Amino acid sequence: MYDSRDNAIWLGDSFNGNTLVHEGGHAILMKAISLAEDQIKTGVGNLTKSQMDAFSRLKSTMAALDIQSKKLADARKKELMAGGMDEASADFNVNRNMRYGFKDLHEMISELHSSASFRKHLESIPVTKEMMAGDRPKWAVAKNLYGYIKDLVKRTLGIDSKSLGISESQLN
């Protein structure tokens, strides 16, 4: 568990590599999210207009996904059960691999880089205008939800391949 008050990660006896990556994601990204939220509230901060736009889109996308995720989860559960999975197992699979990642912005971002099944699920969802919370920005070339959210996170953090001196494929 990540504790933002102490900026510490607490791991129990049953932790694994994914848990460490997930909780580490909270530690790394919490600061950026907090800075953006503070700048929205106070109007004071060092984030650029581009970063703030990306963060606003990220929050709007998350709100749109809250509604969409319930529909997607129900559809996935039916699909799993039609394939022979019992209802309890289908519920567990859907809750772990889908719903948890949509719990809030912090969990979604942490799940993006710690859960292969969550990424795979997002890669299967085409980006819609509703998910983009408006018109497609010129920079948004991603065809699936994973790519779009990943681009929003990178833009919110002010990360781009040119500033890092690496190729776009290395950044991804």
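Everything discussed here concerns the structure shown above.
My aim in this report is to walk through the structure given alongside it, one point at a time. Bear in mind that the values here come from a model prediction, so they are computed numbers and not experimental data.

This brings us to the overall build of the chain. Regarding its fold elements, the chain presents eight helices and two strands. Taken from the N to the C terminus, the helices and strands of the chain come in the order β-β-α-α-α-α-α-α-α-α. Burial analysis of the chain (172 residues in total) assigns 38% to the buried set. Only carbon and sulfur atoms are counted for the fraction: they give 54% of the accessible area of the chain, which is about 10,200 Å².

Here we take up the pattern of salt bridges. Counted according to the given criterion, the structure contains six salt bridges. Across the pair Lys77 and Asp91 runs a salt bridge whose closest N-O atoms are separated by 3.1 Å. Note that Lys77 is positioned in helix α2 (residues 49-82) and Asp91 in helix α3 (residues 87-99), a separation of 14 residues in sequence. A residue is classified by how much of its surface remains accessible, and Lys77, at 15% relative accessible area, is buried.

The interhelical angle for the contact between helix α4 (residues 105-114) and helix α6 (residues 145-157), taken along N-to-C directions, is 110°, at an axis separation of 11 Å. By the angle class used here, α4 and α6 are roughly perpendicular. In this structure, the crossing between α4 and α6 has a hand that is left-handed. Between α4, through Met108, Ile109 and Leu112, and α6, the contact on the second element is made entirely by Tyr146, Ile149 and Val153. Residue composition of the contact of α4 with α6, grouped by class: six nonpolar, no polar and no charged.

What counts as what
Residues numbered from 1 in each chain as written. Predicted model: local features only at pLDDT ≥ 70, side-chain atom pairs only at ≥ 80, totals over all residues. Heavy atoms only, no water. Helix = DSSP H or I, 4+ residues; strand = E, 2+ residues; numbered from the N terminus. Buried < 20%, exposed > 50% of the residue type's maximum accessible area, 1.4 Å probe, protein only. Areas by Shrake-Rupley, 256 points an atom, 1.4 Å probe, with all protein chains shown as cover. Salt bridge = Lys/Arg side-chain N within 4 Å of Asp/Glu carboxyl O. Axes fitted to C-alpha atoms, helices over the stretch in contact; angles between N-to-C directions. Parallel < 35°, antiparallel > 145°, perpendicular 65-115°, else oblique. Left-handed = near helix turned anticlockwise from the far one by under 90°. Contact = heavy atoms within 4.5 Å. Nonpolar A, V, L, I, M, F, W, Y, C, P; charged D, E, K, R; others polar.

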